[in-house]
Amino acid sequence: FNKNSGTALLTVDQRRFYDLRSRLIIMQPNRFPPRPTASPFRCFLFDLILSQNWKSFNILLLLINSGTLAIRWTQGDPDTIIVMGISIACNCIFLVQTAIKMTALSPSGFFQSHRNAFEFALGVMGLSYIVLFAAGMSSSGNRQAWEHARQVGIANVMLRFISLTGKGETMKMLMLTVVQTIVKSSYIILCLLVFVLTYALIGNVLFSNVKYGEALGRHANFETPANALVMMIRIITGEDWNRLMRDVMVHAPDCIADEDCGSAPAIVFYFCSFYLMAAFIFLNPFRTEPFVVLFIG
C-alpha cells in the first residue's frame with residue numbers, strides 16, 4: 001500500500017506550501033461576504049447570524065427536531081400528530097432563518113457557501129413536507145399523501161441532523177478528517193471490498209448447505225452471495241465469528257454426511273485467515289490514516 005505522491009522531490013518552500021494547502025482543504029474556512037454597510041437593517045441581521053446566541057439556538061432547534069424521531073410515526077396516532085406538528089414548527093423556523101440569512105448576505109453571498117446551499121435545499125424539502133402533511137390531514141387527503149409526508153418528513157429530520165456536524169468547529173474538523181481519510185484510503189477500501197467479496201463467494205460455494213446451529217441461522221448464513229457478504233462484514237467487526245466457525249464445523253452424527261455437514265480443517269483455515277488478514281492488514285491503515293490526515297496532511 002505504498003503511495004508515491006512526488007513530495008520527496010519538493011524544496012522546503014514547496015513542501016511548506018503543499019502542507020499549508022492540505023490543512024486549508026481540511027479546515028475549509030467560511031466563505032462569508034463582507035459585512036454590508038449601506039443598510040443598517042442588513043447590518044443588524046448580519047451581526048445576528050454571526051452571534052453565539054444564533055448558533056446556540058440553531059443547535060437547540062436541530063436537537064428538538066431530531067428528537068421527533070423518538071417515536072414511530074403512525075397515521076392516526078395522536079402522539080404522531082403532535083410530534084409531526086413539532087417537526088413542522090421547527091421547519092417553519094428553519095425557513096425563517098434561511099430568509100434572514102439570505103437578506104443579510106444577499107442571495108449571491110448566501111450561495112457562496114456550500115453549507116448555505118445545502119440548508120436552502122433542506123428548506124425546500126421542508127416546505128414540501130409541510131404541503132404534503134397539510135394534504136394528508138385535510139378531509140380530501142388520502143393515506144398515500146400522508147405516507148409521502150411521513151417519508152419526506154423523516155428524511156428531512158435525518159438530513160437536518162447531519163447538518164449539525166457543520167455547526168461546531170470541532171465536529172466540523174472531525175467530519176472533514178473522516179472525509180479526507182476516506183478519499184486518501186480509497187485504494188485500500190477497494191482492495192478490502194475485493195478481498196471480502198472473494199471470501200464471501202468462496203463461503204457461498206463451500207458452506208451454503210451447512211446445517212443451522214447456535215449462531216448460524218436464518219439471518220446469518222452462506223446460502224446466497226448477499227448473505228455471505230453480510231456475514232463477512234459481520235466477521236470483520238469480530239462479532240461471534242468463533243461461534244459461527246464452530247457452527248459451520250458441524251459433523252456427523254449431528255448432521256447428514258455429504259448433505260449439510262462442514263469440513264473442519266478447511267473451515268478453520270477459512271475463518272482464521274480471513275479474520276487475521278482483515279483485522280491486522282486491511283483495517284490497520286484506517287486506524288492511523290485519520291491522524292496522518294489531521295496532523296500531516
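Scroll up to find the structure.
Residues numbered from 1 in each chain as written. Predicted model: local features only at pLDDT ≥ 70, side-chain atom pairs only at ≥ 80, totals over all residues. Heavy atoms only, no water.

Go over the side chain of serine 113 with me, naming the residues and quoting the values.
Mapping serine 113 onto the fold places it in the loop between helix H4 (78-110) and helix H5 (114-137). Judged by its relative accessible area of 9%, serine 113 falls in the buried class. A polar contact is formed between the side chain of serine 113 and the backbone nitrogen of arginine 115, at a distance of 3.3 Å. (Helix = DSSP H or I, 4+ residues; strand = E, 2+ residues; numbered from the N terminus. Buried < 20%, exposed > 50% of the residue type's maximum accessible area, 1.4 Å probe, protein only. Polar contact = N/O pair within 3.5 Å; in protein donor to acceptor, adjacent residues only side chain to side chain.)

Could you give an account of the nonpolar core, naming the residues involved and the relevant values?
Ranked by size, the top nonpolar core spans 29 residues in total, and within it Phe222, Met232 and Phe271 carry the most contacts. Those elements giving two or more residues to this core turn out to be helix H8 (186-207), helix H9 (225-236), helix H10 (241-248) and helix H11 (264-282). With near-sequence residues (within four places) excluded, phenylalanine 271 lies in contact with Phe222, Ile235, Trp241, Leu244, Met245 and Val248. The next biggest cluster of nonpolar side chains, apart from the first, holds ten residues, and it includes Trp73, Ile130, Phe133 and Ala149. (Core = buried A, V, L, I, M, F, W, Y, C linked by side-chain atoms within 4.5 Å. Contact = heavy atoms within 4.5 Å.)

Lay out H4 in plain terms, naming residues and giving numbers.
The terminal C-alpha atoms of H4, which comprises 33 residues, lie only 39 Å apart, well short of the 48 Å expected from a rise of 1.5 Å per residue. Helix geometry: H4 is bent most strongly at alanine 104, by close to 80 degrees, with proline proline 107 lying one to four residues after it. (Expected span 1.5 Å × (residues − 1). Bend = angle between axes of the 7 residues up to and from the residue.)

Outline the packing of H4 against helix H6 (residues 143-162), listing residues and values.
At their nearest, the axes of H4 and H6 sit 11 Å apart, and the two run at 55 degrees to each other. Classed by the angle they form, the pair H4 and H6 counts as oblique. Like other packed secondary-structure pairs, H4 and H6 cross with a definite hand, here left-handed. Here Thr80, Met84, Ser87, Asn91 and Phe94 of H4 come into contact with H6, specifically with Trp146, Arg150, Asn156, Val157 and Arg160. Tallied by class, the residues present in the contact of H4 with H6 amount to four nonpolar, four polar and two charged. (Axes fitted to C-alpha atoms, helices over the stretch in contact; angles between N-to-C directions. Parallel < 35°, antiparallel > 145°, perpendicular 65-115°, else oblique. Left-handed = near helix turned anticlockwise from the far one by under 90°. Nonpolar A, V, L, I, M, F, W, Y, C, P; charged D, E, K, R; others polar.)

With reference to specific residues and values, describe unusual backbone geometry.
A negative phi angle is the norm for most residues apart from glycine, just as the trans form is the norm for most peptide bonds. In the segment running from alanine 252 into proline 253, the intervening peptide bond is cis, with an omega of 5 degrees. Along the polypeptide, proline 253 turns up in the loop between H10 and H11. Look at serine 106: it is not a glycine, yet its phi comes out positive at around 70 degrees. Its location among the elements puts serine 106 in helix H4.

Which residues make up the side chain of asparagine 221, and what values do they have?
Of note, asparagine 221 is situated in the loop between H8 and H9. Engagement of the side chain of asparagine 221 in a polar contact is seen with the backbone oxygen of glycine 217, the distance being 2.8 Å. Within polar-contact distance, the side chain of asparagine 221 engages the side chain of asparagine 227 at 2.9 Å. Those residues in contact with asparagine 221 that lie beyond four places of it in its chain are Tyr212, Leu216, Asn227, Ala228 and Met231.

Tell me what's going on with a nonpolar patch on the surface, and back it up with residues and numbers.
Where nonpolar side chains cluster on the molecular surface, the patch consists of Met171, Leu174, Met175, Val178 and Ile182 and spans about 420 Å² of accessible area. If you trace the backbone, leucine 174 turns up in helix H7 (residues 169-184). (Patch = residues over 30% accessible without salt bridge, like charges linked within 9 Å, V, L, I, M, F, W, Y side chains within 5 Å. Areas by Shrake-Rupley, 256 points an atom, 1.4 Å probe, with all protein chains shown as cover. Salt bridge = Lys/Arg side-chain N within 4 Å of Asp/Glu carboxyl O.)

Just distances and angles here, no functional claims.
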